[in-house]
Amino acid sequence: MDLSAGPTVLKVPTGVLGPVDDGYFRWVTDIGLTGPDAGKGGRYLFLPPGWKGEVPAEGYFVKEPRTNTLLVFFRVFVKDGDIAASVAHAKAGTNIHPLGASTESGETPKATFVNISGAKFNTISANDVSFYDELNEVVQREPADFVEPDLVGLFASIGIAKGKPFAPDERMKTILADAVAVGNATARTILFDSRDPGTKFYPDRQWFTPFVGGSYQFLDGAARLLDAKAMFFYYATGITPAMAYSKVGSGSAYAGSFKDAKGNVLDGGKTYKVTLPGPVPAKEFWSFVVYDNETRSLLETDQKTAGVDSNHPNLKTSADGSVTIWFGPKAPEGQEDNWVQTMPGKGWNTLLRLYGPLEPWFDKSWKPGDIELVE
């Protein structure tokens, strides 16, 4: 969303789940089940920074972000495997338009929907000196005080300031090239091989939490956990308290893994398996999603799903509720419905999600098995 032209209305459908973040990935609000509409749907009004105009007295959930740029995304839950119905529900209940806008016939404008399935586009920040050009674009687009004064000063110290051209000389370009290489390698290492014991869910497992200390603001009392913050934002796009905080039977819980049971990184050319003991403590459902280490985005495969979940109609589950999931280039014979494809030559990682986690997740009386290499 771009608020630079004025207040903007977002209409959301019923039963969705998602956040709204600002241009510096700070949380603005949730929408849907964990938002003020509580899953009933509704209209949100986003005001540009410093807005002094009139605001409707009712009919909207009004939010005042610190940036003109907002990221909005939400999940629609598929019922009975009917993806088409879920898509139709999302389109029917979603709209975005300037406040007070109308067509020539006096109707509210309708959003245009674009199907991006199969499209290739890059959402990753640059890993070379052009990263600073991207940062400069943001600084020029947003209000001068869109971040705290310390950060404004930090940007200015390398020549990035609101209303001024960014033109580093050759000496500064060399310094910045080194800085972005070290910064990228540092963030990658913090994520892939953290030394912080607070990232481990269990002392005897490889599963890690992307929310050290359970804080979506990465706070430990008065201290900001800078490594934890770097780890999360190198891994993920977007933030919401609902990711970090859940209570029994509601919200969602996350556990990630980059390594197998022996501590070796996961190889897309090999076959692995993982067992979830039964019953899995998820009120709604659970899922595995597989990501490409290089992009931290969904792993592109011929399978075109990048995951599997407990709603799969043909999923094989044992009598005690336990289930084994397989990862590899090809499905083991007879395990096609319990298999997630990986790609040779591609490192991968996975997130285990529990929707509506139950008490055994919180007291850790239940824990997933590690991912095991199948020799």
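Rules and cut-offs
- The numbers attached to residues start from 1 for each chain and follow its sequence in the written order.
- Local features in this predicted model are restricted to residues of pLDDT 70 or higher, and side-chain atom pairs are both shown and tallied only at a pLDDT of 80 or more, whereas totals for entire chains, interfaces and linings draw on every residue.
- Only hydrogens and water are removed before side-chain values are computed, so all heavy atoms of the structure are retained for them.
- Two strands form a pair only when DSSP identifies at least two bridges running between them.
- Numbering of helices and strands starts at the N terminus; helices are DSSP runs of H or I of at least 4 residues and strands are runs of E of at least 2.
- Axis definition: a line fitted to C-alpha atoms, limited for helices to the stretch in contact. Angles are taken between N-to-C directions and run from 0 to 180 degrees.
- In this scheme, a residue with accessible area under 20% of its type's maximum is buried, one over 50% is exposed, and one in between is partly exposed, where area comes from a 1.4 Å probe on protein chains only.
- When a carboxyl oxygen of Asp or Glu lies within 4 Å of a side-chain nitrogen of Lys or Arg, that pair is called a salt bridge.
- Patch definition: residues with relative accessible area over 30% and no salt bridge; like charges joined within 9 Å; nonpolar side chains (Val, Leu, Ile, Met, Phe, Trp, Tyr) joined within 5 Å.
- All accessibility values rest on the Shrake-Rupley procedure with a 1.4 Å probe; residue burial counts only the protein chains present in the view.
- The positive count covers Lys and Arg only, the negative count covers Asp and Glu only, and His and the chain ends enter neither.
- Throughout, a charge is located at the NZ atom of Lys, the CZ atom of Arg, the CG atom of Asp or the CD atom of Glu.
- Cavity means a closed set of points on a 1 Å grid over the protein atoms alone, one where a 1.4 Å probe fits but cannot get out, pocket means an open set with protein on both sides within 12 Å along at least 5 of 7 lines, and lining means a residue has an atom within 4 Å of a point.
- Grid points are joined across faces, edges and corners, and a volume is the space filled by probe spheres set on the points.
- Only Asp, Glu, Lys and Arg are considered charged in this grouping, and only Ala, Val, Leu, Ile, Met, Phe, Trp, Tyr, Cys and Pro are considered nonpolar; every other residue, Gly among them, is considered polar.

Asks: What should I look at first to understand the sheet that holds strand S8 (residues 95-98) in this one?
Replies: Paired through their backbone hydrogen bonds, the strands of a sheet run either parallel or antiparallel. Taken in spatial order, the four strands make up an open sheet running S5-S4-S1-S8, and their pairing is mixed. Unpaired on one side and paired on the other, strand S5 (61-63) and S8 mark the two borders of the sheet. For this sheet, the mean angle separating the axes of adjacent strands, direction not counted, is 20°. Here strand S1 (residues 8-12) pairs with S8 via four bridges, running antiparallel. Paired with Thr8 across the bridge in S8 is Pro98.

Asks: Could you clarify how one ought to interpret unusual backbone geometry in this entry?
Replies: Leaving glycine out, the prevailing phi sign among residues is negative, and the prevailing peptide bond configuration is trans. Note that the residue after Gly278, namely Pro279, is joined by a cis bond; omega there is -10°. Assignment of secondary structure puts Pro279 in the loop between strand S12 (272-276) and strand S13 (282-292). Its identity is not glycine, yet Lys304 carries a phi of approximately 65°, on the positive side. Relative to the helices and strands, Lys304 is located in the loop between S13 and strand S14 (307-309). Take Lys304: its relative accessible area is 74%, and that puts it in the exposed class.

Asks: What exactly am I supposed to notice about the pattern of salt bridges here?
Replies: Pairs can form between side chains of opposite charge once their charged atoms are near each other. By the definition in use, this model includes 10 salt bridges. As a salt-bridge pair, Glu148 and Arg66 come within 2.9 Å of each other at their nearest N and O atoms. Of the two residues, Glu148 is situated in the loop between helix H2 (131-141) and helix H3 (149-157) and Arg66 in the loop between S5 and strand S6 (70-72); the sequence distance between them amounts to 82 residues. The salt bridge involving Glu300 is made with Lys120; its shortest N-O contact spans 3.2 Å. Taken together, the residues Glu300 in the loop between S13 and S14 and Lys120 in the loop between S8 and H2 connect sequence positions 180 residues apart. There is no split in this pair, since Glu300 and Lys120 are both exposed. Overlapping salt bridges, with partners in common, bring together Asp204, Arg205 and Lys367 in one network.

Asks: Explain a negative patch on the surface here, please?
Replies: Where like charges cluster on the molecular surface, the negative patch consists of Asp128, Asp133, Glu134 and Glu137. By the element assignment, Glu134 lies in helix H2. By relative accessible area, Glu134 is classed as partly exposed at 31%.

Asks: How should the layout of surface pockets be read in this particular structure?
Replies: Empty space among the atoms can be located by rolling a probe the size of a water molecule over them. Its boundaries defined by the atoms lining it, the second largest pocket holds a volume of some 310 Å³. Of all the secondary-structure elements, those providing two or more residues to the lining of the second largest pocket are helix H6 (241-244), strand S11 (252-257) and helix H7 (359-362). Top element by residues in the lining of the second largest pocket is S11. It accounts for three residues. Here the lining of the second largest pocket is built from residues that sort into 11 nonpolar, six polar and one charged.

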